[in-house]
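Each chain, written out:
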Amino acid sequence: MDLNVKTLEGKDAGKVSLSDAIFGLEPREDIIARVVRWQLAKKQQGTHKAKGRAEVSRTGAKMYKQKGTGRARHHSARAPQFRGGGKAHGPVVRSHAHDLPKKVRALGLRHALSAKLKAEEIIVIDDLVAKEAKTKALAGVFASLGLTNALIIGGAEIENNFKLAAQNIPNVDVLPVQGINVYDILRRGKLVLSKAAVEALEERFK
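Here is what the cut-offs are and how they apply
- Residues numbered from 1 in each chain as written.
- Predicted model: local features only at pLDDT ≥ 70, side-chain atom pairs only at ≥ 80, totals over all residues.
- Heavy atoms only, no water.
- Phe/Tyr/Trp six-rings, centres within 6.5 Å; stacked < 30°, edge-to-face > 60°.
- Helix = DSSP H or I, 4+ residues; strand = E, 2+ residues; numbered from the N terminus.
- Pairing = 2+ DSSP bridges.
- Axes fitted to C-alpha atoms, helices over the stretch in contact; angles between N-to-C directions.
- Contact = heavy atoms within 4.5 Å.
- Expected span 1.5 Å × (residues − 1).
- Buried < 20%, exposed > 50% of the residue type's maximum accessible area, 1.4 Å probe, protein only.
- Core = buried A, V, L, I, M, F, W, Y, C linked by side-chain atoms within 4.5 Å.
- Salt bridge = Lys/Arg side-chain N within 4 Å of Asp/Glu carboxyl O.

Caption draft 1: Up close: the packing of aromatic side chains. Per the stated rule, a full pass over the model turns up one aromatic pair. Relative to Phe-162, the ring of Phe-142 has its centre 6.1 Å away and its plane inclined at 70°; by these criteria the two rings are edge-to-face. Separated by 20 residues along the polypeptide, Phe-142 in helix α4 (residues 135-145) and Phe-162 in helix α5 (residues 160-166) bring together distant segments of the chain.

Caption draft 2: Quick peek at the sheet that holds strand β1 (residues 2-6). If you walk across this open sheet you meet the six strands as β2-β1-β3-β6-β4-β5, and the pairing is mixed. Of all the strands in the sheet, just β2 (12-17) and β5 (172-175) have a single pairing partner and so form its edges. With strand direction ignored, the average angle separating the axes of adjacent strands in the sheet is 30°. Docked against the sheet, helix α3 (residues 102-118) engages β1, β3 (122-125) and β6 (190-194), running at close to 95° with respect to β3.

Caption draft 3: How the structure looks around helix α2 (residues 29-43). In this model, α2 (15 residues) spans 21 Å end to end at C-alpha, consistent with the 21 Å of a helix rising 1.5 Å per residue. Three or more residues of α2 are buried, namely Ile-31, Ile-32, Val-35, Val-36, Trp-38, Gln-39 and Ala-41. Check the buried side of α2 and you find it contacts α3 and α6 (182-187).

Caption draft 4: Layout of the nonpolar core. Grouped together as the largest cluster of nonpolar side chains are 29 residues, with contacts concentrated most on Phe-23, Leu-113, Ile-122, Ile-153, Ile-185, Leu-191 and Leu-193. The dominant element in this core, judged by the number of residues it contributes, is α3, at five residues. Excluding residues that lie within four positions of it along the chain, Ile-122 makes contacts with Leu-3, Phe-23, Leu-113, Lys-116, Leu-117, Leu-191 and Leu-193. Ranked by size, the runner-up nonpolar core spans 18 residues in total, among them Ile-123, Ile-152, Ala-165 and Ala-166.

Caption draft 5: Looking closely at unusual backbone geometry. For His-89, which is not glycine, the phi torsion reads 55° and is therefore positive. Here His-89 is to be found in the loop between α2 and α3. One non-glycine residue with positive phi stands out, namely Glu-120, at about 55°. Counting through the fold element by element, Glu-120 comes out in the loop between α3 and β3.

Caption draft 6: Structural context of the pattern of salt bridges. Using the criterion set out here, one finds eight salt bridges in the structure. With a shortest N-O distance of 3.8 Å, Asp-184 and Arg-187 are connected by a salt bridge. Note that Asp-184 and Arg-187 are positioned in helix α6 at a spacing of three residues, about one turn of the helix. With relative accessibility at 16%, the residue Asp-184 sits in the buried group. Across the pair Lys-206 and Glu-203 runs a salt bridge, and its minimum N-O distance is 3.1 Å. By relative accessible area, Glu-203 is classed as exposed at 51%. Taken together, the shared-partner salt bridges in this structure form one network comprising Asp-173, Asp-184, Arg-187 and Arg-188.

Caption draft 7: Molecular detail of the pairing of β3. Burial of β3 is two-sided: the residues Ile-122 and Val-124 facing one way and the residues Ile-123 and Ile-125 facing the other way are all buried. Sheet topology note: the β1/β3 ladder contains two bridges and is parallel. Bridged to Val-5 within β3 is Val-124. In terms of strand pairing, β3 meets β6 through four bridges, oriented parallel. When the sheet's bridge partners are listed, Ile-122 is paired in β6 with Leu-191.

Treat this as a map of the structure, not an account of what it does.
See below:
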């Protein structure tokens, strides 16, 4: 499929051919959802923690004598049923990450790219270069292109002025092509690819 290429100023810069094997699939929500779940689980810190009965700072002495009080036969005040006692089956520090085959991850990325193209939310820019590192100037350029909520994918390296100018613009993320991922593609409205990014993606999935 051919797609028009634009410059940052909004002028036409020819066409680029997109591979149907990457951008022309029929999007499958189940595969995309699996990859997003895997990404978010891997990202989760898992530092939640509650103290169990062995960890609370409280006396371990028997609360009162075993017999003759007419009350239940309790031992330690650290037991979960008492105020100030330990938490029963509370959260512990752990990793939430789980495995997902590499082939499924790669397929999820292709389905996410295909979903963006099907929704007509992909823009190809010939080169991501800013003359100066000025956020206001670049924000005006993005506004003229209709980019209020976008993920911008450059080549192997992002030009320094462009990266500095874009990093303070709200709802706009800039990543090198090796950082492209399903979650970031879906959480932003438009997907902006440089010509270098398109070439790198086609080389990656060849």
